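Inside the fold
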Amino acid sequence: MMRLLAVMLGVLMAFHVQAGGNADKGKQKAAQVCGACHGPDGNKPSAPDQPVLAGQYYDYLVQALGDYKNGRRTNPIMKGFAAQLSKQDIEDVATWFSGQPTTSLHDQR
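Per chain, residue numbering runs from 1 following the sequence as it is written. Reporting of local features is limited, given that this is a predicted model, to residues whose pLDDT is at least 70; pairs of side-chain atoms are given and counted only at 80 or more, and all residues count toward the totals for whole chains, interfaces and linings. The side-chain figures draw on all heavy atoms in the structure; neither hydrogens nor water molecules are used.

By convention in these notes, a salt bridge is any Lys or Arg side-chain nitrogen within 4 Å of a carboxyl oxygen on Asp or Glu. Under the defined criterion, the tally for this structure stands at three salt bridges. For Arg72, the salt bridge identified is with Asp67, shortest N-O distance 2.8 Å. Throughout, exposure labels follow a simple rule: accessible area from a 1.4 Å probe, protein chains only, divided by the maximum for the residue type, with under 20% read as buried, over 50% as exposed, and the rest as partly exposed. Given the relative accessible area of 10%, Asp67 is considered buried. Where Glu91 meets Lys87, a salt bridge forms, and the shortest distance between an N and an O atom there is 3.0 Å. Of this pair, Glu91 and Lys87 both sit in helix α6 (residues 87–98), four residues apart, which is roughly one turn of that helix. Secondary structure elements follow DSSP: runs of H or I no shorter than four residues count as helices, runs of E no shorter than two count as strands, and numbering proceeds from the N terminus.

Encoded structure:
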(Lines give C-alpha, C1' and ligand atoms only; values in the text may rest on other atoms or scores of the structure.)
Protein backbone atom coordinates (compact mmCIF):
# COMPACT_ATOMS: atom_id res chain seq x y z
CA MET A 1 0.00 0.00 0.00
CA MET A 2 2.77 2.44 0.88
CA ARG A 3 4.55 1.57 -2.35
CA LEU A 4 1.40 2.40 -4.34
CA LEU A 5 1.07 5.74 -2.55
CA ALA A 6 4.72 6.52 -3.25
CA VAL A 7 4.27 5.76 -6.96
CA MET A 8 1.11 7.88 -7.13
CA LEU A 9 2.85 10.76 -5.38
CA GLY A 10 5.76 10.48 -7.82
CA VAL A 11 3.40 10.63 -10.79
CA LEU A 12 1.61 13.67 -9.38
CA MET A 13 4.90 15.43 -8.71
CA ALA A 14 6.12 14.67 -12.23
CA PHE A 15 2.92 16.15 -13.68
CA HIS A 16 3.23 19.25 -11.51
CA VAL A 17 6.80 19.81 -12.65
CA GLN A 18 5.85 19.19 -16.27
CA ALA A 19 2.92 21.59 -16.14
CA GLY A 20 4.92 24.79 -15.78
CA GLY A 21 1.99 27.16 -15.60
CA ASN A 22 -0.09 28.75 -12.89
CA ALA A 23 -3.71 27.57 -13.00
CA ASP A 24 -5.08 30.71 -11.31
CA LYS A 25 -3.37 32.99 -13.82
CA GLY A 26 -4.45 30.63 -16.59
CA LYS A 27 -8.06 30.89 -15.45
CA GLN A 28 -7.85 34.69 -15.61
CA LYS A 29 -6.20 34.70 -19.04
CA ALA A 30 -8.63 32.08 -20.37
CA ALA A 31 -11.56 34.25 -19.27
CA GLN A 32 -10.09 37.18 -21.23
CA VAL A 33 -8.96 35.34 -24.36
CA CYS A 34 -10.54 31.88 -24.66
CA GLY A 35 -13.83 31.84 -22.80
CA ALA A 36 -16.06 33.40 -25.46
CA CYS A 37 -15.44 30.54 -27.88
CA HIS A 38 -14.50 27.61 -25.62
CA GLY A 39 -16.38 28.45 -22.41
CA PRO A 40 -14.82 29.64 -19.14
CA ASP A 41 -13.67 26.16 -18.12
CA GLY A 42 -13.19 24.85 -21.67
CA ASN A 43 -16.35 22.70 -21.66
CA LYS A 44 -18.77 24.83 -23.65
CA PRO A 45 -17.63 25.61 -27.18
CA SER A 46 -19.85 28.20 -28.85
CA ALA A 47 -19.80 26.35 -32.21
CA PRO A 48 -19.54 22.69 -33.21
CA ASP A 49 -16.18 23.19 -34.93
CA GLN A 50 -14.55 24.50 -31.72
CA PRO A 51 -13.01 21.87 -29.46
CA VAL A 52 -13.60 21.16 -25.80
CA LEU A 53 -10.36 22.16 -24.07
CA ALA A 54 -11.17 20.93 -20.56
CA GLY A 55 -9.18 17.86 -19.65
CA GLN A 56 -6.95 18.10 -22.72
CA TYR A 57 -3.29 17.17 -22.22
CA TYR A 58 -1.08 20.02 -21.04
CA ASP A 59 1.64 19.27 -23.60
CA TYR A 60 -0.87 19.17 -26.43
CA LEU A 61 -2.33 22.54 -25.49
CA VAL A 62 1.12 24.15 -25.22
CA GLN A 63 2.13 22.70 -28.60
CA ALA A 64 -1.13 23.69 -30.32
CA LEU A 65 -1.11 27.26 -29.01
CA GLY A 66 2.56 27.63 -29.92
CA ASP A 67 1.84 26.31 -33.41
CA TYR A 68 -1.01 28.79 -33.89
CA LYS A 69 1.20 31.60 -32.61
CA ASN A 70 4.10 30.85 -34.96
CA GLY A 71 2.00 29.90 -38.00
CA ARG A 72 2.59 26.13 -38.10
CA ARG A 73 -1.18 25.77 -37.68
CA THR A 74 -3.27 27.94 -39.94
CA ASN A 75 -6.47 29.21 -38.42
CA PRO A 76 -6.82 32.99 -38.68
CA ILE A 77 -8.98 33.30 -35.57
CA MET A 78 -6.70 31.17 -33.39
CA LYS A 79 -3.58 32.82 -34.79
CA GLY A 80 -4.91 36.20 -33.71
CA PHE A 81 -5.71 35.04 -30.19
CA ALA A 82 -2.49 33.03 -29.76
CA ALA A 83 -0.38 35.93 -31.04
CA GLN A 84 -1.23 37.96 -27.94
CA LEU A 85 -0.15 35.19 -25.54
CA SER A 86 3.33 35.05 -24.03
CA LYS A 87 5.06 31.72 -23.42
CA GLN A 88 4.06 32.00 -19.76
CA ASP A 89 0.45 32.79 -20.71
CA ILE A 90 0.37 29.66 -22.88
CA GLU A 91 1.71 27.54 -20.02
CA ASP A 92 -0.78 29.10 -17.59
CA VAL A 93 -3.77 28.56 -19.90
CA ALA A 94 -2.66 24.99 -20.64
CA THR A 95 -2.37 24.30 -16.92
CA TRP A 96 -5.85 25.70 -16.31
CA PHE A 97 -7.62 23.80 -19.09
CA SER A 98 -5.76 20.52 -18.56
CA GLY A 99 -6.84 20.55 -14.92
CA GLN A 100 -10.55 20.98 -15.67
CA PRO A 101 -12.86 17.97 -15.68
CA THR A 102 -14.46 17.22 -19.03
CA THR A 103 -18.23 17.02 -19.16
CA SER A 104 -19.89 14.83 -21.75
CA LEU A 105 -21.25 16.55 -24.84
CA HIS A 106 -24.83 15.38 -24.25
CA ASP A 107 -24.82 17.16 -20.86
CA GLN A 108 -24.15 20.48 -22.60
CA ARG A 109 -27.16 20.54 -24.88
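Below, the discussion takes up the environment of Gly35. One can find Gly35 in helix α3 (residues 35–38). Contacts are assigned to residue pairs with any non-hydrogen atoms lying within 4.5 Å of each other. Those residues in contact with Gly35 that lie beyond four places of it in its chain are Ala30 and Pro40.

Spatial relationships are all this shows, so hold off on functional conclusions.
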